[in-house]
Amino acid sequence: MTAFLNRPIASRGSSCPCYFLLLLVAISFAALPCFAAPAPIVLTGADSRPSTSLNGEWASIIDPYFSGLFSFHHEEKKNGYFMNYKAKPGDPFPTEYDFSKAPKLKVPGDWNTQRESLMFYEGPIWYEKDFTYDPKPHTHVFLHVGAANYHSWFWVNGQKVCEHEGGYTAFNCEITQAIHSGNNFVVAAVDNTRHEDNVPTLETDWWNYGGLTREVSLIELPDSFIDQYDLHLSHSEDGVIEGWVHVVGGQSGGKAEVGIPDLHARASAAIGADGRAALHFNVQGLERWTPESPKLYKVVIRAGADSIDESIGFRTIETRGTEILLNGKPIFLRGVAIHAEAPYRTGRAWSDKDAETLLGWAKELGCNYVRLAHYPHDETMLRAADRMGLLVWSENPVYWALEFDNPKVLAKAEQQLDEEINTSRNHAAIILWSMANETPNTPARTQFIETLATRARDLDPTRLITAALLVRGKGDTKIVDDPLGQALDVIGINEYIGWYEGRPESADTTQWQIAYQKPVIVSEFGAAAKAGLHGAENERWTEEYQANVYHHQLPMLNKIPQLRGMSPWCLMDFRSPNRPLVGIQDEFNRKGLISDQGQKKSAFYVLQKAYKYKTVGRPD
Ligand code: GCU
């Protein structure tokens, strides 16, 4: 019967009475516009909008063969699990799933750390959530997804509302046409299977946490609404705020307004035919945002019936020769690299508490900057960085060896870059957009990333473009001459002298040859240690060995004339599939200065002291 049901309609005999019944069902399914779902949209600062949370327990079905979506001939099903069909007595076909009886998964959250059986699971999992809703006139309803790793599909009441690829950026699906009064249900399929042409690709040194890993909610917007906006301090005119507001469905000639009550500042501008209103206005007495004094202003953005209450800090960032200038003054970035691994409970970080713990440790270390690796982190993290006064390096997950000659892969990287920048463009904390990490020096790679860098500059000319480059060596000399450096404002370099190469002392005799008169950030260096494991300083995996690497690294870094920042690898141990050493790594990368259970290792104090007494880098 199942085979009969799944065979294309045309091949079935016309004599069978249930044929007409099924034809009817199929036509009605086909009638539902559930396959040509609109692309999701990006909403700047979506998390600051009033919303109805869909967080909590969702029913879940593990579907390794994706038979909930694809037939035995791999055709997309019309009556898949997204229909959330409840079997009825006498149905002429079996229903082989039932969300109401299915085990739960928490959202937000990766599925790997919620069930031991899912720790290593890579594949599709279905999610279902019931909710009630009361539609309002002249109102768009969007399903806001903070992130879903990696490929995800969404249906509301059986109607496909969107599909998305990319595991670390937010997206919003219009569901106005699918939602109705009273009881509704949303079904999501999330597949974290790794593919060569994904971004990132097959190999990563972090756990492939799958699922609805960040907040999910319903956002209501008026007929014409603000989807994106950008407000920043002018680089060229003192006391001037400039930017734009983009309105969807706005009347050309209508007005967009911005108000900053604490500065008694108000400005408005006409919305052009392209939906954009350009803003440029003077402010008196503005206190610039700095790490020491992270001043945030309440900003109200209005257009028609729509308004957004934002909290924004204003500062400028630029380079001049080999200097990085924050608010016109040279700055040295004392930092650390951080993965979005949740402290203590492990798994993908998403909550305010996760952010405050991780960034609190960075502040305790004496940091004024953090490298958020290797993918866009959650808005909770970025808002915490704004509040706590930490400058941010934000990165697009172009990591290691992507298919750089595949235009589809470039399109995916561009889409993720657009989502990253358009979602997070108003965070004062973010000063650097990183295009990539440790990519192979090939012409296809260079062209690929140059294209991304140009796109990032077009999208946001107010921030600096960087990437973490590999370095090559000749004897005791480290050479930084990757051609990609030409496309960057700030050169990031990753080196592991004393761990992957040489001994800790090798740093003492290492010279640096850097082909660029640009600011340099040592975006990674470090060594692994098991917290609590002690021994001789030349004994790997001990805290003494890790601390010894830091002792030799810091004076070496001071020999780099263009050194303007550093972010050792890394703040906290994080789960990685490449680290099976039993009793030491146990599937964790142990290069953290702090263990995943919050134990500070000796090297933490070595770096804390260097940052406190500013013995590394140039005192500001
Ligand atoms: C690389 C890479 C990191 C990785 C680290 C390591 O440089 O960028 O993602 O975790 O080295 O090997 O620990």
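Residues numbered from 1 in each chain as written. Predicted model: local features only at pLDDT ≥ 70, side-chain atom pairs only at ≥ 80, totals over all residues. Heavy atoms only, no water.

S.K.: Explain the site of the ligand to me, using residue names and the numbers behind them.
M.R.: In the vicinity of the ligand lie 14 residues, with Asp-205, His-374, Glu-438, Tyr-500 and Glu-524 positioned nearest. In this structure, Asp-205 approaches the ligand through a side-chain N or O atom, which is 2.5 Å from an oxygen atom. At 2.6 Å from an oxygen atom of the ligand is found a side-chain nitrogen or oxygen belonging to His-374. Taking 320 Å² as the accessible area of the ligand by itself, protein coverage stands at 97%. Residues belonging to the shell around the ligand are distributed by class as follows: 5 nonpolar, 4 polar and 5 charged. (Near = heavy atom within 4 Å. Polar contact = N/O pair within 3.5 Å; in protein donor to acceptor, adjacent residues only side chain to side chain. Areas by Shrake-Rupley, 256 points an atom, 1.4 Å probe, with all protein chains shown as cover. Nonpolar A, V, L, I, M, F, W, Y, C, P; charged D, E, K, R; others polar.)

S.K.: How would you summarise the state of the cysteines if you had to cite specific residues and measurements?
M.R.: Throughout the structure, instances matching the rule amount to 1 disulfide. Disulfide pairing places Cys-162 opposite Cys-173 at an S-S distance of 2.0 Å. As the torsion about the S-S bond is roughly 40°, the Cys-162-Cys-173 disulfide counts as right-handed. With Cys-162 in strand β7 (residues 159-165) and Cys-173 in strand β8 (residues 171-174), the pair connects residues that are 11 residues apart, well separated along the chain. The buried category is assigned to Cys-162, whose relative accessible area is 0%. Its sulfur unpaired, Cys-367 is 12 Å from the next cysteine sulfur, which belongs to Cys-570. On the accessibility criterion, Cys-367 (5% relative accessible area) is buried. (Disulfide = S-S within 2.5 Å. Helix = DSSP H or I, 4+ residues; strand = E, 2+ residues; numbered from the N terminus. Buried < 20%, exposed > 50% of the residue type's maximum accessible area, 1.4 Å probe, protein only.)

S.K.: Would you mind going over the packing of helix α3 (residues 352-365) against helix α8 (residues 602-612) in detail, with residue names and values included?
M.R.: Viewed as axis vectors pointing N to C, α3 and α8 meet at an angle of 60°, and their least axial separation amounts to 8 Å. It follows that α3 is oblique to α8 by the angle criterion. Facing Trp-361, Glu-364 and Leu-365 of α3, the residues of α8 in contact are Phe-604, Leu-607, Gln-608 and Tyr-611. (Axes fitted to C-alpha atoms, helices over the stretch in contact; angles between N-to-C directions. Parallel < 35°, antiparallel > 145°, perpendicular 65-115°, else oblique. Contact = heavy atoms within 4.5 Å.)

S.K.: Go over the nonpolar core, please, and point to the residues and values.
M.R.: Judged by nonpolar contacts, the single largest core of 92 residues is most densely connected at Val-398 and Phe-448. Aside from chain neighbours lying at most four places away, what touches Val-398 is Val-199, Phe-404, Ala-413, Met-435, Ala-436, Asn-437, Thr-439, Phe-448, Ile-449 and Leu-452. (Core = buried A, V, L, I, M, F, W, Y, C linked by side-chain atoms within 4.5 Å.)

S.K.: Kindly report on helix α4 (residues 379-388), identifying the contributing residues and their values.
M.R.: Since the α-helix turns once every 3.6 residues, residues separated by three or four places project in the same direction. Across the 10 residues that make up α4, a large majority, 9, are buried. Among the residues making up α4, those that are buried are Glu-379, Thr-380, Met-381, Leu-382, Arg-383, Ala-384, Ala-385, Asp-386 and Met-388. Downstream of α4 by a residue or two, Gly-389 has a phi angle that is positive, lying close to 80°.

S.K.: Talk me through the sheet that holds β8; I want residue IDs and the actual numbers.
M.R.: Strand order in this open sheet of 4 strands is β1-β10-β5-β8, and the pairing throughout is antiparallel. Both edges of this open sheet fall to β1 (52-53) and β8, since each of them pairs with a single strand only. Inspection of the sheet shows strand β5 (residues 139-145) paired to β8 by 4 bridges, in the antiparallel sense. Paired with Phe-142 across the strands is Glu-174, a residue of β8. (Pairing = 2+ DSSP bridges.)

S.K.: So what's going on with the side chain of Gln-585? Residues and values would help.
M.R.: Of note, Gln-585 is situated in the loop between β32 (574-575) and β33 (588-589). A residue is classified by how much of its surface remains accessible, and Gln-585, at 7% relative accessible area, is buried. With residues up to four places along the chain from it excluded, the contact list for Gln-585 reads Trp-541, Arg-579, Pro-580 and Arg-590.

S.K.: Give me unusual backbone geometry: which residues, what numbers.
M.R.: Here the amide bond leading from Asn-149 into Tyr-150 is cis, since omega sits at 20°, within 30 degrees of zero. Residue Trp-569 is joined to Cys-570 through a cis peptide bond whose omega torsion reads 5°. Located in the positive-phi region is Trp-400, a residue other than glycine, with phi close to 55°. One can find Trp-400 in the loop between β23 (391-395) and α5 (407-424). Despite not being glycine, Glu-587 shows a phi value in the positive range, around 65°. Relative to the helices and strands, Glu-587 resides in the loop between β32 and β33.

S.K.: Before we move on, can you summarise the confidence of the model for the protein with the specific residues and values?
M.R.: Residues at a pLDDT of 70 or more form 94% of the protein, whose mean pLDDT is 94. Confidence drops under pLDDT 50 across residues 1-16; counting only partners more than four residues distant or on other chains, this segment forms 22 contacts. The low-confidence segment residues 29-34 (pLDDT under 50) makes 10 contacts with residues lying over four places distant or belonging to another chain. (pLDDT = per-residue confidence, 0-100.)

S.K.: Tell me about the packing of aromatic side chains, and name the residues and values.
M.R.: Tallying each qualifying case throughout the model produces 28 aromatic pairs. When the ring of Tyr-399 is compared with that of Trp-400, the centres are 4.3 Å apart and the planes differ by 35°; the resulting orientation is tilted. Residue classification places Trp-400 among the partly exposed positions, given a relative accessible area of 26%. Ring geometry for Phe-525 versus Tyr-550: centroids 5.2 Å apart, planes at 55°, classification tilted. Taken together, the residues span a long stretch of sequence, with Phe-525 in the loop between β30 (520-524) and α7 (543-557) and Tyr-550 in helix α7 at a distance of 25 residues. For the pair shown, Phe-525 and Tyr-550 are each scored as buried. Among the aromatic residues, those joined into a cluster by ring pairs are Phe-66, Phe-70, Tyr-81, Phe-82, Tyr-97, Phe-99, Trp-126, Trp-153 and Trp-155. Positioned over the ring face of Trp-244 is Arg-276, at 3.8 Å from the centre of the ring. Seen from the ring of Tyr-297, Lys-295 lies directly overhead, with NZ or CZ sitting 4.8 Å from the centre. (Phe/Tyr/Trp six-rings, centres within 6.5 Å; stacked < 30°, edge-to-face > 60°. Lys NZ or Arg CZ within 6 Å of the ring centre and 35° of its normal.)

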